[in-house]
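# Remarks on the overall topology
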Amino acid sequence: MTMSNITVFMPSVLTLIGIPGLESMQCWIGIPFCVMYLIAIIGNSLLLFIMISERSLHEPMYIFLSMLGVIDIALGTSIVPKMLGIFWFHTSDIYFDSCLLQMWLIHTFQIMESGILLAMALDRFDLTFITSSYMQIFVTVFRLPQKEASFYLLVPPFLNPLVYGAKTKQIRLH
């Protein structure tokens, strides 16, 4: 006689207890979290307002920075309100679906933030190393003036063979 275990346990409500052992201090522990959250929301909102209103800040690095600001606001808003509710109002119950949504939001926003930081690092690397090496190639190999070399840096990479071919013909004629 074989018995199979087909028990399905999926609670509809989970209980969050806060910080075990410090239940009497949780009211005071919530104050620094609230202050940091408010500073982050106000600071990122101010940053976004300045970047939207100032036309000179509509460049890739500042667009990356504004994306980080939006993600920081979203990430903080998906974490801190529930945490403060537990610390200050003892609302320790959370629905299972809400818990899954909160975990998904936290992980998604952290992945997005890491991706944007990676893109910012690659953008700075590209600007620092690759651009200077291309500029040196154009100036030394093709004997181009600085202004003409900087123009060729703006040409998309898939057009580079055409540019190299045209310049090679010009070099051969000289």
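Residues numbered from 1 in each chain as written. Predicted model: local features only at pLDDT ≥ 70, side-chain atom pairs only at ≥ 80, totals over all residues. Heavy atoms only, no water.

### A word on the confidence of the model for the chain
How we decide: How sure the predictor is of each residue is captured by pLDDT, a score from 0 to 100. Counting from the N terminus, the helices are the DSSP runs of H or I reaching at least four residues and the strands are the DSSP runs of E reaching at least two. Contact definition: two residues touch when any of their heavy atoms are within 4.5 Å.
The share of residues in the chain with pLDDT of 70 or more is 68%, and the mean pLDDT across the chain is 77. Per-element confidence in the chain ranges from a low mean pLDDT of 47 for helix α5 (residues 160-173) to a high of 93 for helix α1 (residues 26-53). Considering only residues more than four positions removed or in separate chains, one finds that residues 156-160, a stretch of pLDDT under 50, has 1 contact. Every residue in residues 162-174 is under pLDDT 50, and counting partners more than four places away or in other chains gives 10 contacts.

### A closer look at the packing of aromatic side chains
For the record, the criterion: Ring pairs shown here join Phe, Tyr and Trp side chains whose ring centres sit within 6.5 Å, with only the six-membered ring taken for Trp; geometry is labelled stacked below 30 degrees between planes, edge-to-face above 60, and tilted in between. Exposure is judged per residue with a 1.4 Å probe applied to protein chains only, and the accessible area is read against the type maximum: over 50% gives exposed, under 20% gives buried, and values in between give partly exposed.
Applying the stated criterion across every chain, the model contains 1 aromatic pair. Seen from their ring centres, Phe-33 and Phe-87 are 6.1 Å apart, and the 40 degrees between their planes marks the pair as tilted. Placement of the pair is Phe-33 in helix α1 and Phe-87 in helix α2 (residues 60-89), with a sequence separation of 54 residues. On the basis of relative accessibility, which here comes to 5%, the residue Phe-87 falls in the buried class.

### Some thoughts on α2
The test is simple: Residue count minus one, scaled by 1.5 Å, sets the expected span of a helix. Fitting axes to the seven residues that end at a residue and to the seven that start at it, the angle between those axes gives the bend at that residue.
For α2, built from 30 residues, the straight-helix expectation of 44 Å at 1.5 Å per residue is met to within 8% by its first-to-last C-alpha distance of 43 Å. Taking the largest bend as the criterion, α2 deviates by roughly 30 degrees, centred on Thr-77, and proline Pro-81 comes between one and four positions later. Two residues or fewer past α2, His-90 is found with a positive phi of approximately 55 degrees.

### What about α1?
Spanning 28 residues, α1 covers 40 Å between terminal C-alpha atoms, matching the ideal 40 Å at 1.5 Å per step. Of all the residues in α1, the buried ones are Gln-26, Gly-30, Cys-34, Tyr-37, Asn-44, Leu-48 and Met-51. Elements that come into contact with the buried residues of α1 comprise α2.

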